[in-house]
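Below are the chains, spelled out letter by letter.
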Amino acid sequence: MKTQLTRDLEKTLYAYWEEQGATAVEEVTMPDDFGIVDTLVRQKQENETIWRCFELKVTKADFHSQARLSFIGHYNYFVLPQRLYQAVAAEIPAGIGVFVYHPFSKAAVAASAVPVSTPGTLTIAKPARRQSLQVAEEQLTDHFIASLNREVVKAKQVAKGLGQFSTAELFTELRKRTADYDIYHPDKNLYDQFVDDLNNTIITALQEEIDALNAEVATLKMDRLS
């Protein structure tokens, strides 16, 4: 499960490379047991394609994890909060770069005269040294495209909304909310909101039917009198 800080780093990193005209995608599984790249960036520069790999870490425990670091690109980086970078700077391997994340303060965002699209900004604290690709570029491209396709599928599912789920699945999800049921504030409960809305819809439909029947009865009475 990703923390909010991890999601903030991802969002800021995406925006950074979008401004550079590059394409980024997260969680790209590599071939031949090279692990999973947290964020892989593809950028065209003159007559070649540059690949950059990023590992996002937000805690010391995360930084010291035994999970494989998939630094298989031309340039490879850690993305770290400022405090974590200061704590582990001496442990950064030679050749590996570092992007440091700086969150915007709520006051600064509120005072901004233009919309703020990212939760923070990035600075390059340590440049990366170029290396040869550790994975064949054709394989790298295939896995990159597969991950982009995964994100497209996820986006389409979101666009479809609840319509893609069966009634049974929706009911199961609704029942999960009962653990947080607030008997003293029923207006805050999803179930009560749903029931109230359903009742209002039913009442409206019945009232429309009654009105239609009354109109029909009135017409019949007029026909008999005429």
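Whatever comes next refers back to the structure up there.
In this report, the structure presented in the accompanying data block is examined. Throughout, a residue's number is its position along its own chain's written sequence, starting from 1. Only residues with pLDDT of at least 70 are given local features in this predicted model, and only at 80 or more are side-chain atom pairs given and counted; all residues enter the totals for whole chains, interfaces and linings. Here the side-chain values reflect all heavy atoms present in the structure, with hydrogen atoms and water set aside.

### Focus: the nonpolar core
(1) Moving on: Nonpolar cores are built from buried Ala, Val, Leu, Ile, Met, Phe, Trp, Tyr and Cys residues. Side-chain atoms within 4.5 Å join them into one set. We call a residue buried when its accessible area falls under 20% of the maximum for its residue type, exposed when it is over 50%, and partly exposed in between, using a 1.4 Å probe and counting protein chains only. Grouped together as the largest cluster of nonpolar side chains are 23 residues, with contacts concentrated most on Met30, Val37, Leu40, Ile72, Phe78, Leu80 and Ile92.
(2) Moving on: Of all the elements in the fold, those that place two or more residues in this core are strand S1 (23–29), strand S2 (36–45), strand S3 (48–56), strand S4 (75–81), helix H3 (82–88), strand S5 (97–103) and helix H5 (137–160).
(3) Moving on: Only DSSP runs of H or I with at least four residues qualify as helices, and only runs of E with at least two residues qualify as strands; both kinds are numbered from the N terminus onward. Ranked by residue count, the leading element in this core is H3, at three residues.
(4) Moving on: Dropping the residues within four chain positions of it, Val37 is found in contact with Glu26, Glu27, Val28, Met30, Cys53, Phe54, Glu55, Ser70 and Ile72. A contact between two residues is defined here by any heavy atoms of the two lying within 4.5 Å.

### What about the side chain of Ser147?
(1) Moving on: With respect to the helices, strands and loops of the structure, Ser147 is situated in helix H5.
(2) Moving on: Setting aside residues up to four positions removed in sequence, Ser147 forms contacts with Val25, Glu26, Glu27, Val28 and Thr29.

### Considering the pattern of salt bridges
(1) Moving on: Salt bridges, as used here, are contacts in which a Lys or Arg side-chain nitrogen is within 4 Å of a carboxyl oxygen on Asp or Glu. Evaluation of the coordinates by the stated rule reveals four salt bridges.
(2) Moving on: One salt bridge in this structure joins Glu48 and Arg130, with 3.1 Å as the shortest N-O distance. A residue pair is termed long-range when its members are at least 10 positions apart, and Glu48 in strand S3 and Arg130 in the loop between strand S6 (120–126) and H5 qualify at 82 residues.
(3) Moving on: Between Glu151 and Lys154 there is a salt bridge whose closest N-O contact spans 3.3 Å. With Glu151 and Lys154 both in helix H5 and three residues apart, the pair spans about one turn of that helix.
(4) Moving on: Classification of Lys154 by relative accessible area gives partly exposed; the value is 37%.
(5) Moving on: A single network of salt bridges, built from pairs that share partners, joins Arg150, Glu151 and Lys154.

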